[in-house]
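Each chain, written out:
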Amino acid sequence: MSLNAESTAFRSALEVIRAVEPRVADAIGAELADQRESLKLIASENYASPATLLTMGNWFSDKYAEGTVGRRFYAGCQNVDTVEALAAEHAKELFGASHAYVQPHSGIDANLVAFWAILADRVESPALKKAQVRQVNDLTEADWFALRRELGNQRMLGMSLDAGGHLTHGFRPNISGKMFDQRSYGTDPATGLIDYDRVAEAAREFKPLILVAGYSAYPRKVNFRIMREIADSVGATFMVDMAHFAGLVAGKVFTGDFDPVPHAHIVTTTTHKSLRGPRGGMVLCGPELADQVDRGCPMVLGGPLPHVMAAKAVALAEARRPDFADYAQRIVDNAQALAEGLLRRGTTLVTGGTDNHLVLLDVSGYGLTGRQAEQALLDSGIVTNRNAVPQDRNGAWYTSGIRIGTPALTSRGLGTAEMDVTAELIHTVLSQTTPGANADGTPSKAKYVLDPAVADKISKQATDLLAGFPLYPTITLS
Ligand code: PLP
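Reading the values: the criteria
Residues numbered from 1 in each chain as written. Predicted model: local features only at pLDDT ≥ 70, side-chain atom pairs only at ≥ 80, totals over all residues. Heavy atoms only, no water. Helix = DSSP H or I, 4+ residues; strand = E, 2+ residues; numbered from the N terminus. Rg over C-alpha atoms; globule rule 2.2 N^0.38 Å. Buried < 20%, exposed > 50% of the residue type's maximum accessible area, 1.4 Å probe, protein only. Contact = heavy atoms within 4.5 Å. Lys, Arg positive; Asp, Glu negative; His and termini not counted. Charge placed at Lys NZ, Arg CZ, Asp CG, Glu CD. Core = buried A, V, L, I, M, F, W, Y, C linked by side-chain atoms within 4.5 Å. Domains from an automatic or database assignment. Near = heavy atom within 4 Å. Polar contact = N/O pair within 3.5 Å; in protein donor to acceptor, adjacent residues only side chain to side chain. Areas by Shrake-Rupley, 256 points an atom, 1.4 Å probe, with all protein chains shown as cover. Nonpolar A, V, L, I, M, F, W, Y, C, P; charged D, E, K, R; others polar. Pairing = 2+ DSSP bridges. Salt bridge = Lys/Arg side-chain N within 4 Å of Asp/Glu carboxyl O. Phe/Tyr/Trp six-rings, centres within 6.5 Å; stacked < 30°, edge-to-face > 60°. Lys NZ or Arg CZ within 6 Å of the ring centre and 35° of its normal. Patch = residues over 30% accessible without salt bridge, like charges linked within 9 Å, V, L, I, M, F, W, Y side chains within 5 Å. Expected span 1.5 Å × (residues − 1). Axes fitted to C-alpha atoms, helices over the stretch in contact; angles between N-to-C directions. Left-handed = near helix turned anticlockwise from the far one by under 90°.

J.: Tell me about the overall build of the chain, and name the residues and values.
T.: Helix and strand counts for the chain stand at 20 helices and 17 strands. Taken over the C-alpha trace, the chain has a radius of gyration of 23 Å; the compact-globule value for 478 residues is 23 Å, and the two agree within 12%. Based on the C-alpha atoms only, the size of the chain along its principal axes is roughly 70 × 55 × 45 Å. Here the chain, with 478 residues, has 55% of them falling under the buried criterion. In the chain, once contacts between residues fewer than 6 apart in sequence are set aside, the share between residues at least 24 apart is 74%. Between the averaged position of the 46 positive side-chain charges in the chain and that of its 53 negative side-chain charges there is a distance of 2 Å.

Take a look at the structure:
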């Protein structure tokens, strides 16, 4: 492949788009320029390969393909079958799973498919059994009533949001917290770590149908063997949402007790975070749940997105190459270097460090809320997101934390030396920012004061740092 093939492909695509709606073509170009210039530390973002990106822009997008491979509700799906089967095959090989369902449009959708599959498998409702064998029309009013009561009355035990869990792990305002009678486990206030004895105690008391592990903002490994033992001890189905760390599982950084696939009954993930694929979701499971999982569409999901399933096949093929293991290890090395750099400069980190791709800063030591810190960093060309810390006194909106992650910068090629420079930039911004006041003089949780000259200087240093690591170096748009 000539080096210019990628440039040619993207330039040609933009030319075609520009002829119809030039503002969209301009926005696409501007987005690349913005991404090239900013120090992206959003833990859930990455840069997919040109091959993955290009796979999404074609006529697979036009297809309807409800059903599963070889068993569709629409004619003419033979090519969709090819790419869906390939994506599933790559996923099974990569993760050592016996079944992979690659249709979910996102991580939340994958979780909904898993919840449905577990309910459908575990709830002993005669009405549900009837519905399962497609005798929905035979259900009486009383059946419907019983079905709603039984499905909506099940228990879920998941990690609390402020300890690092995800909204869909039973957070009250989320549908999962409404579907399920929910309870959460947190972390040890002294160490910030999961206390497995406390999880076991909560499981014994609450007897959940589903025990959920996985996180969006927990900077440590989770021992899935112990979690499975807890689930088994109370007869719960053990579900792991590995959306954030799927790339570390794929790259064999997380193995043994820390690889969820051999331990969980069902595993869900996104494909676009550390796994570096297209935006989307996926479910892995054993044969017991496979039939229910495959009913995801149309039970829970809208029609599959064949162009994205094709891109999943490409990205998963990339993740099966030997160099992906090296990439995954570098993600963790970089996160640890960043954490050490921050600790050396006096920053407080939740759990005191990291075992994975993310670092959670408690910025209250700088006298700031997460919101103030996030905006001050953004003014300085450093893109992060605010995040609650355990027992956060500022709540989920303003927060006291900043979550940073290394998958994206690692994809650009930055290494541990650059992480130390990044730690210095972050520390400089945070230590030079002070909280602002409202118009009436009361302290504000959103306003902040940062000398624009400092922000400009840091922005320039961030740009200089990135200059040695061009993003999509093979692509020039003009
Ligand atoms: N699960 C976890 C643990 C996540 O962190 C996220 C995203 O932030 C999701 C699920 C949802 O993924 P998506 O945005 O693709 O629906």
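J.: Give me the nonpolar core: which residues, what numbers.
T.: In a soluble, globular protein the nonpolar side chains are often hidden away together inside. Of all hydrophobic cores here, the largest spans 61 residues; its most connected members are Phe 95, Leu 211 and Met 227. At seven residues, helix H4 (residues 78-95) tops the list of elements feeding residues into this core. Looking at this core, you find at least three residues from each of domain 1 (59-319) and domain 2 (323-467). Counting residues in hydrophobic clusters, the runner-up holds 35 residues, among them Leu 39, Ile 404, Ile 426 and Val 429.

J.: How would you sum up the site of the ligand? Please name residues and give values.
T.: Neighbouring the ligand are the residues Ser 106, Gly 107, Ile 108, His 166, Tyr 215, Ser 216, Asp 241, Ala 243, His 244, Thr 270, His 272 and Lys 273. Interatomic distance of 2.7 Å between a side-chain N/O atom of Ser 216 and an oxygen atom of the ligand. In this structure, an oxygen atom belonging to the ligand sits 3.4 Å away from a side-chain N or O atom of His 244. Within the complex, 84% of the 390 Å² of free accessible area of the ligand lies under protein. Class assignment of the residues belonging to the shell around the ligand gives a composition of three nonpolar, seven polar and two charged.

J.: Outline the pairing of strand S12 (residues 358-362), supporting the account with residue identities and numerical values.
T.: Summarising burial for S12: five of the five residues are buried, a large majority. By the alternation rule, side chains of S12 split into Leu 358, Leu 360 and Asp 362 and Val 359 and Leu 361, which are all buried. Examined bridge by bridge, strand S11 (residues 348-349) and S12 share two bridges and lie antiparallel to one another. By the bridge assignment for S12, Thr 348 is matched with Asp 362. Bridge analysis of S12 against strand S15 (residues 401-405) gives five bridges, and the strand direction is antiparallel. Bridge assignment links Leu 360 to a residue of S15, and that residue is Arg 403.

J.: Before we move on, can you summarise the pattern of salt bridges with the specific residues and values?
T.: Applying the stated criterion across every chain yields a total of 18 salt bridges. In this structure, the salt-bridge partner of Arg 72 is Asp 81, at a minimum N-O distance of 2.8 Å. Between Arg 225 and Asp 257 there is a salt bridge, with its nearest N and O atoms 3.1 Å apart. Of the two residues, Arg 225 sits in helix H10 (residues 224-233) while Asp 257 sits in the loop between helix H11 (246-250) and strand S9 (266-270), which places them 32 residues apart along the sequence. Beyond isolated ion pairs, a larger network of salt bridges with shared partners links Arg 344, Arg 345, Asp 420 and Glu 424.

J.: Pulling in residues and values, what's your account of the packing of aromatic side chains?
T.: Overall, the coordinates contain eight aromatic pairs when judged by the stated rule. Ring-pair connections join several aromatic residues into one group, and the members of that group are Tyr 215, Tyr 218, Phe 224, Phe 245 and Phe 254. Just above the ring of Phe 206 sits the side chain of Arg 155; from NZ or CZ to the centre is 5.6 Å. Positioned above the aromatic ring of Trp 397, the side-chain terminus of Arg 386 is 4.5 Å from the ring centre.

J.: Help me get a handle on a nonpolar patch on the surface, residues and values and all.
T.: On the surface, Tyr 64, Phe 73 and Tyr 74 cluster together to form a nonpolar patch covering roughly 350 Å² of accessible area. Mapping Tyr 74 onto the fold places it in the loop between strand S3 (71-72) and H4.

J.: I'd like to hear about H4, residue by residue, with values.
T.: A rise of 1.5 Å per residue sets the reference length of H4, with its 18 residues, at 26 Å; its end C-alpha atoms lie 26 Å apart and thus fit the reference within 8%. Gly 96 sits one or two positions beyond H4 and adopts a positive phi of about 65°.

J.: Now, about the pairing of strand S17 (residues 443-449): what can you tell me, with residues and values included?
T.: Note that strand S16 (residues 434-437) and S17 share three bridges and pair antiparallel. Paired with Thr 434 across the two strands is Val 449, which belongs to S17. Counted between consecutive antiparallel strands, the loop separating S16 from S17 contains five residues, among which Gly 441 sits at a positive phi close to 90°.

J.: Could you give me a rundown of the packing of helix H5 (residues 107-122) against helix H12 (residues 287-294), with the residues and numbers involved?
T.: Following both chains from N to C, one finds H5 and H12 inclined at 115°, their axes separated by 8 Å at the closest point. The chirality of how H5 crosses H12 is right-handed. From H5, Val 113, Trp 116, Ala 117, Ile 118, Ala 120 and Asp 121 reach across to H12, where they touch Glu 288, Leu 289, Gln 292 and Val 293. A per-class count over the contact of H5 with H12 returns seven nonpolar, one polar and two charged.

These values are about where atoms sit, not about what they do.
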